[in-house]
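Reading the structure
Read off the chains here:
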Amino acid sequence: MITPPPGAGKNLAPKIDGVPNHVAIIMDGNGRWANSRGLPRTEGHRAGEYALMDTIAGALEIGVKHLTVYAFSTENWKRSPKEVSFLMGYSRDVLRRRRDELNEWGVGIHWWGRRPRLWKSVIDELEVAQELTASNSKLHFNMAVNYGGRAEIADAMRQIAGEVAEGSLKPKGITEDTVRRRLYAPDSPDVDLLIRTGGEQRISNFLLWQCAYAEFAFNPVPWPEYGREELWNDILSFTGRERRFGGAIDKVAPQ
Ligand code: IPE
Ligand code: IPE
Ligand code: MG
């Protein structure tokens, strides 16, 4: 299905002050959406492609700079072989089908995740898309594929332990920044707004480090029905929140 590109004029983006710099999305509810229509779960995943493209277009229109989406978790291998194969093949095909369109939109595609177990054909497509769009910076679009927050932190710890063992890093010198520098994308900013579609209210091992001070939006809409207008509404609700990062402002003057 052809997605109206950013700025197509069909849905005018609202003017929003304080748009979050980094939005992360747990694209959930595909299987339930399909089953409730008498369709196999895989049809829900298929319907998610349009939602993804429309959401990316909406992020561009409103000025989000970093968008990270959860496409396949390190725990999703537990699903039936049929669903896992579908998800692998489908990720590969979506990347192949959409990379030129995303490139034209000025989107830089980046992969966050672990190599082991991930299909080589998926890694190849991710790398082709990364290379093709490497100089784009209108929107950094990060695809979390075979991603787990604990796996990411464990991978960073393994690297740190190796550096300590070879003597290039001293235990005393390990800070939060030492860990952050060894995550999959050290230069990516923390998440400002984490959206989960599909009605569940949990993090499911997504961006555990980067979400330390994220605001959460749990949207009951299943992912296949999500799109730019839902994104703008979730962002509008975010802009009304007071973020304190552990600090406090005394709004009543001392007596
Ligand atoms: C999210 O939708 C997509 C992936 C996990 C890849 P689900 O497949 O989890 O759909 P529900 O949550 O079972 O409805
Ligand atoms: C999280 O959703 C993973 C993705 C959206 C890729 P899940 O559907 O796998 O999470 P749980 O099992 O409901 O926690
Ligand atoms: Mg789910």
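As the structure is a computational prediction, the values presented were derived from the model and not from experiment.

Right, let's talk about the pairing of strand 4 (residues 139-147) for a bit. Within strand 4, eight of the nine residues are buried, which leaves the element mostly enclosed by the surrounding structure. Looking at chain direction, strand 2 (residues 66-73) and strand 4 are connected through seven bridges and run parallel. When the sheet's bridge partners are listed, Thr 68 is paired in strand 4 with Asn 142. With six bridges connecting them, strand 3 (residues 107-112) and strand 4 associate as parallel partners. Bridge assignment links Gly 108 to a residue of strand 4, and that residue is His 140.

Next up on the list: helix 2 (residues 41-62). Along its 22 residues, helix 2 runs 32 Å from first to last C-alpha, staying within 8% of the 32 Å computed at 1.5 Å per residue. Taken as a whole, helix 2 carries its principal kink of about 25° at Gly 48. For helix 2, the tally of buried residues reaches 16 of 22 residues, placing the bulk of the element in the interior. Gly 63, located one to two residues past helix 2, shows a positive phi value of around 95°.

Attention now moves to the site of ligand 2. Lining the immediate environment of ligand 2, one finds Ile 26, Met 27, Asp 28, Tyr 70, Ala 71, Phe 72, Asn 76, Arg 79, Arg 196, Arg 202 and Ser 204. For the shell around ligand 2, the leading source of residues is strand 2, giving three residues. Here the residues of the shell around ligand 2 sort into five nonpolar, two polar and four charged.

Asp 28, Gly 31, Arg 32, Arg 41 and Arg 79 are the nearest of the 13 residues found near ligand 1. The backbone of Asn 30 places a nitrogen or oxygen atom 3.1 Å from an oxygen atom of ligand 1. Arg 79 has a polar side-chain atom sitting 2.7 Å from an oxygen atom of ligand 1. Relative to its unbound accessible area of 380 Å², ligand 1 is 88% covered by the protein chains. Mapped by element, the contributors of at least two residues to the shell around ligand 1 are helix 1 (30-35), helix 2 and helix 3 (81-104). In terms of residues, the shell around ligand 1 owes the most to one element, helix 1, which gives three residues. Its residues assigned to classes, the shell around ligand 1 shows three nonpolar, five polar and five charged.

Calculation criteria
Residues numbered from 1 in each chain as written. Chains lettered and ligands numbered in written order. Predicted model: local features only at pLDDT ≥ 70, side-chain atom pairs only at ≥ 80, totals over all residues. Heavy atoms only, no water. Buried < 20%, exposed > 50% of the residue type's maximum accessible area, 1.4 Å probe, protein only. Helix = DSSP H or I, 4+ residues; strand = E, 2+ residues; numbered from the N terminus. Pairing = 2+ DSSP bridges. Expected span 1.5 Å × (residues − 1). Bend = angle between axes of the 7 residues up to and from the residue. Near = heavy atom within 4 Å. Nonpolar A, V, L, I, M, F, W, Y, C, P; charged D, E, K, R; others polar. Polar contact = N/O pair within 3.5 Å; in protein donor to acceptor, adjacent residues only side chain to side chain. Areas by Shrake-Rupley, 256 points an atom, 1.4 Å probe, with all protein chains shown as cover.

So far we have only geometry, and geometry alone does not tell us how the molecule works.
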